[in-house]
Structure formats: structure tokens, C-alpha cells
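# Inside the fold
Chain residues, written in single-letter form:
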Amino acid sequence: MSLPALNLAIVGLGNVGTGVARILTEHPERIVRRAGRPVAIKKAVVRDLTKPRDVQLPAGVLTADLDSVIKDPEITVAVELMGGLHPAREVVLALLAAGKDVVTANKALLHEYGDEIFAAAREHGRTIAFEAAVAGGIPIIAAVGQSMSANQIVGLQAILNGTSNYILSEMLLHQKSYQSALSQAQALGYAEADPSLDVNGTDAAQKLGILVQLAFGTKVPTAAFHVSGIDKLEQTDIQQATALGYAIKLLATAKLVDGKLQMSVRPTLVRKDRPLAQTHGPFNAVLLDGDVVGSVWYSGRGAGQLPTASAVTADIIDLAIGRAQLTFKQLDLWGESSAVPVLPESETYSRYFMRLIVEDRPHVMADVTDILGRNNISLSSVIQPEAPEVEATAGVAQVVPLIIMTHRATTGQIASADAELAKLSTVRPGRVLLAVAD
Ligand SMILES: NC(=O)c1ccc[n+]([C@@H]2O[C@H](COP(=O)([O-])OP(=O)(O)OC[C@H]3O[C@@H](n4cnc5c(N)ncnc54)[C@H](OP(=O)(O)O)[C@@H]3O)[C@@H](O)[C@H]2O)c1
């Protein structure tokens, strides 16, 4: 005999909320088997009651009145799927204060108000579950928070933004320009009308912050590590990287270096034969390195209605059987006492790919390599394709690309060399500097 139904409210019945409602209503036997009891959607809160919905719900379930959820003591779990920061923050705090456990997919909310929301949950003896907030359908929160708990995670490399990955894949596989790949991502619904948070690295940085807090017990604001996006890349960078045997990916990385945490989000050259380099389209992927288990690889759909709803529904089931409550309590045991210090950005290191546009004159190469040498940056290869045959115009210097691969250098060394290169009259503005993954 199963337990009485868990009464649920879905606050926000848009893309993901509809997916959750569909899974719960289309697979009730599966839910009972996994949760030990039925899950009944008692309320679904929306703004506009007249909008058509892609899911059939019994009369009286759809409402625009959040108070009908707050004031109903039979509703013990609420799913926040409104998105945005406000009123999502106020709604989540009110739900917790009313004694409800909360599931959310809202990574921006957790990034901005996670501390306040987690503290409120603890104060009210409630639980927050947030599997869908990072990497959509990939069960990465469970992996880092539970399944890898015998390990100290020592490294993490991830593709966490599907929009950027789609654009980079189109640039690589179909030789599209950045702009045309972005327009296509928007036409297919992979990118927002304002895609800046996706393509400038912010979205991936917020998700990396959540993973790092779980894996290393350290809360790192995005301002404390290097974050850059794919918005300055050109087709020629993709081609040059390809010629050298690499793909360019927007990589979120965190690793322990002598007991300190080195982390960044930036376009990075990844060897073509690595699974991360072969993760194409709107997919996400995460490579975790545990000190006991070694490397563990996850990939799958990082967004979309059903993949995201899959993760949200798993959280609801975990709450129904009491597993999420234990996991949330366990997070308390980690936290500050195990927090790992963060390496200052200037001390982080990497190999680098540099693309310079230089005047095709004697001594230019010597000037550039001299600057790199004085900054203790050693080179692993230098490629200078021949200038195309065009008629020289008097007084106008021909320019050619200069592609340099370095050995490991610190960000400080590279920044200092870059500042000197910027002063060379023979080096054109628009220098491209990309990290190369280990
Ligand atoms: N979409 C994805 O692939 C994806 C992936 C991972 C995480 N997420 C996260 O999941 C969350 C939901 O995303 P989504 O794509 O499902 O959003 P969405 O399609 O825009 O749906 C938002 C829903 O919230 C309702 N809503 C918004 N403001 C409200 C208010 N003030 N009062 C009552 N209802 C309100 C809307 O009502 P109306 O329908 O009446 O307008 C709508 O039903 C976001 O935090 C997002 O970051 C989404």
C-alpha cells in the first residue's frame, strides 16, 4: 500500500513547468514506483489564465493566485519555475516560510540569492533541491553532491552553456560566421533575443560557481575568476585551431593546484580527439576528476523542456521519499570548514594560443618573440602563413596573421606580454588570446 499522495504546486507553467506537469500526469505508475506514493499537482500558478497550455490539468488547478498555494497546508512541495530574480526570490522565501520544500531550476536566482535562500530553508527546517539549475538534464548535482562523496574532486572541465556550444559547433562544422551561427541559434530557440549572458560567459560562470561550491565547499563570486565568452571569436580562429588539431569550446574549469583552486570560464582550445571537443550542438558535458575514482564523464541535453523537467521531477521524487532532505542536510557538513582557497587570477596558468595580425616586415617576428621571451614565455610553435599575392600599395604595409602556441605561462606573464605587444606599431589591434586545455 502506497503512502498518501504528495501534494505539489508548480509555480510557473511555461516551458519547463509544462514538461514537469506532463511527466507527472503521463507516467503516474512510474512516479508511484519511484516515489513510493502518488504525486498530485494541486495548483499550477501562472500570470495569464487565458494562455493556451500544452498539458491537461483538472479544473481548479490552474490559478493566478499564489496565496492559494502559500495558504494551503496540504501542499508540502512547491516547484519554482517562473525564472528571473524578482519576484522569484520573494516567492521562494514565502514558500519556505509557509513550510514548503522548494525545487528550483533557477540558476540565476541561486547565484544571486543562494545564501539567503539556503539560510531561510534551514531556519524553517525545509529543503531546496536544484538538480535542473546546472546542465539541465545531466544529473550533475547528484553526481558532485552524492555519488562522488568518497572522493575529493580535484578537477572539473565542463561545457555548461548550450547556446555557446551550438554557435561554436556551427562555426566549426558548417564554417558559419559568429553572427550567422548566433542568428540560427536564435531562430531555433537555443538563444534568447538578448543572448549576452550566454555568449559572454556569465551563464556558464554562474553554473560553475554552483558546482564549485558543492565540490570544493568554496563560494566564489564570478568577479573573483576569469570569465570571457565566445563573442569575439572569428571563423579564422576556428580554422587556425583546427589546423593545429584543436576545437574551440567555451570551457568552464576548476582544479586544485597545490591546495588552491584555479578556475575560469573562457573559450579554450581542446584537442580534437577529446570527448569534450566532440560535444556538439546544444549539448552540455562535464568531466569530473576524483582522487579515488579517476575521471568520470557526463554528457547530455543541457536545456529544453523535457530534459530540464526530467531533472526537476527527479528532485520531486527525491523529496517524496526523503532523500533530498538528507542530501540538503549533508551540505551543511561540508561548507566553510572544507573551503578551498582560490588562486589569484594572475597566478593561474595555462598554455596559450595567440593570434596576432602583424605587418609583413623584417624584424616583426623577432620583436614579438623577444617580448614573449622577456616575459619568460616559451613557445611550442609559431606559424606565419604567407601573405596573399596582392599588389603592394605605396606606404601601406601588408598584414599577415601570426599564430603562436606557448608552453605553460601564468596569466600575469601573458597579460604583461600582451600589454607590450599592444604597444608595438607593427602589431594590429584585435589580438586573440585563448587558453589551451591540459
Ligand atoms: N527552458 C529551459 O530549457 C531551461 C533549462 C534549465 C533551466 N531553466 C530554468 O527554468 C526556469 C523556467 O524556465 P522556462 O523556460 O520554463 O520559463 P518560461 O517558459 O518563461 O515560463 C515561466 C512561467 O512562469 C510564469 N510566471 C512568470 N512570472 C510570474 C509571476 N509573477 N506570477 C505567476 N507566474 C509567473 C509564466 O506565466 P505565463 O505562462 O502566464 O506567462 C510562465 O508560466 C527558469 O529559471 C530557467 O532559467 C530553463
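Residues numbered from 1 in each chain as written. Predicted model: local features only at pLDDT ≥ 70, side-chain atom pairs only at ≥ 80, totals over all residues.

Counting its secondary structure elements, the protein chain contains 15 helices and 17 strands. Over its C-alpha trace the protein chain gives a radius of gyration of 25 Å, about what one expects of a compact globule, namely 22 Å for 438 residues. Seen through its C-alpha atoms, the protein chain measures out along the principal axes to roughly 85 × 50 × 35 Å. (Helix = DSSP H or I, 4+ residues; strand = E, 2+ residues; numbered from the N terminus. Rg over C-alpha atoms; globule rule 2.2 N^0.38 Å.)

For the protein chain, the assigned domains are domain 1 (6-133), domain 2 (145-302) and domain 3 (348-436). Its C-alpha centre places domain 1 at a distance of 53 Å from the equivalent point of domain 3. (Domains from an automatic or database assignment.)

Here the focus is the site of the ligand. Neighbouring the ligand are 22 residues; G12, G14, N15, G83 and A303 lie closest to it. For the shell around the ligand, the element with the most residues is helix α1 (residues 15-26), which contributes three residues. Grouping the constituent residues of the shell around the ligand by class yields ten nonpolar, nine polar and three charged. (Near = placed C-beta within 6 Å. Nonpolar A, V, L, I, M, F, W, Y, C, P; charged D, E, K, R; others polar.)

So, about the packing of helix α14 (residues 364-374) against helix α15 (residues 411-423). Interhelical geometry of α14 versus α15 gives an angle of 150° and a closest axis separation of 9 Å. Relative to α15, α14 is oriented roughly antiparallel. Like other packed secondary-structure pairs, α14 and α15 cross with a definite hand, here right-handed. Touching V368, I371 and L372 of α14 are A417, E420 and L421, all from α15. Residues belonging to the contact of α14 with α15 are distributed by class as follows: five nonpolar, no polar and one charged. (Axes fitted to C-alpha atoms, helices over the stretch in contact; angles between N-to-C directions. Parallel < 35°, antiparallel > 145°, perpendicular 65-115°, else oblique. Left-handed = near helix turned anticlockwise from the far one by under 90°. Contact = placed C-beta atoms within 7 Å.)

As a further point, take helix α5 (residues 107-123). Within α5, the axis deviates most sharply at Y113, by approximately 85°. Where α5 is concerned, the buried positions are K107, L109, L110, H111 and I117. Those residues of α5 that are buried lie in contact with α4 (88-97), β5 (101-104), β6 (128-129) and α10 (202-216). A positive phi of about 65° marks G125, the residue just after α5. (Bend = angle between axes of the 7 residues up to and from the residue. Buried ≥ 20, exposed ≤ 12 C-beta atoms within 10 Å, placed from the backbone.)

Here the focus is the pairing of strand β7 (residues 153-159). Most of β7 sits inside the fold, with five of its seven residues counted as buried. The pairing of β7 with strand β11 (residues 283-290) spans six bridges and is classified as antiparallel. The partner of G155 across the bridge, within β11, is D289. Here β7 runs beside strand β9 (residues 246-257); their pairing, made up of four bridges, is antiparallel. Across the sheet, residue Q157 finds its bridge partner in β9, namely T253. (Pairing = 2+ DSSP bridges.)

Another aspect to go through is helix α11 (residues 235-243). For α11, the full list of buried residues reads D237, I238, Q240 and A241. Mapping the buried residues of α11 onto a view down its axis gives an arc of 165°, with all of them on the same face. Considering only its buried residues, α11 is in contact with α7 (162-173), β9, β10 (260-271), β13 (349-359), β15 (399-406) and β17 (432-436). Looking one or two residues beyond α11, the residue adopting positive phi is G245, at roughly 95°. (Arc of directions from axis to C-beta.)

What holds strands together in a sheet is hydrogen bonding between their backbones, with the strands either parallel or antiparallel. Sheet architecture is open: six strands sit in the order β3-β2-β1-β4-β5-β6, paired in parallel fashion. Since the sheet does not close on itself, it has two edges, and those belong to β3 (62-63) and β6, each with one partner. Bridge analysis of β5 against β6 gives two bridges, and the strand direction is parallel. Looking at β6, one finds that V103 is bridged to A129. Sheet strands in contact with helix α12 (residues 305-321) are β1 (6-11), β2 (39-45), β4 (75-80), β5 and β6, and its direction is about 160° off that of β5.

In this section: unusual backbone geometry. Of the consecutive residues H86 and P87, the connecting peptide bond is found in the cis state with omega at 10°. Here P87 shows up in the loop between β4 and α4. At A135, a position not held by glycine, the phi torsion is positive, near 60°.

Here the focus is the environment of S295. Among the secondary structure elements, S295 is positioned in strand β12 (residues 294-301). S295 sits in the exposed class, given 11 other C-beta atoms within 10 Å. Spatially, the C-alpha atoms of S295 and L6 are 38 Å apart, while their sequence positions differ by 289 residues.

This part covers the packing of α1 against α12. Contact pair α1 / α12: the axes reach a minimum separation of 8 Å and the direction vectors enclose 65°. Handedness of the crossing formed by α1 with α12: right-handed. Seen from α1, the contacting residues are N15, V16, T18, G19, V20, I23 and L24; seen from α12, they are Q305, L306, T308, A309, V312 and T313.

Okay, the environment of L343 next. By the secondary structure assignment, L343 is in the loop between α13 (323-333) and β13. Taking the C-alpha atoms as reference, L343 lies 9.4 Å from A224; in sequence the two are 119 residues apart. Beyond its immediate sequence surroundings of up to four residues, L343 is in contact with V257, K260, L261, Q262 and T348.

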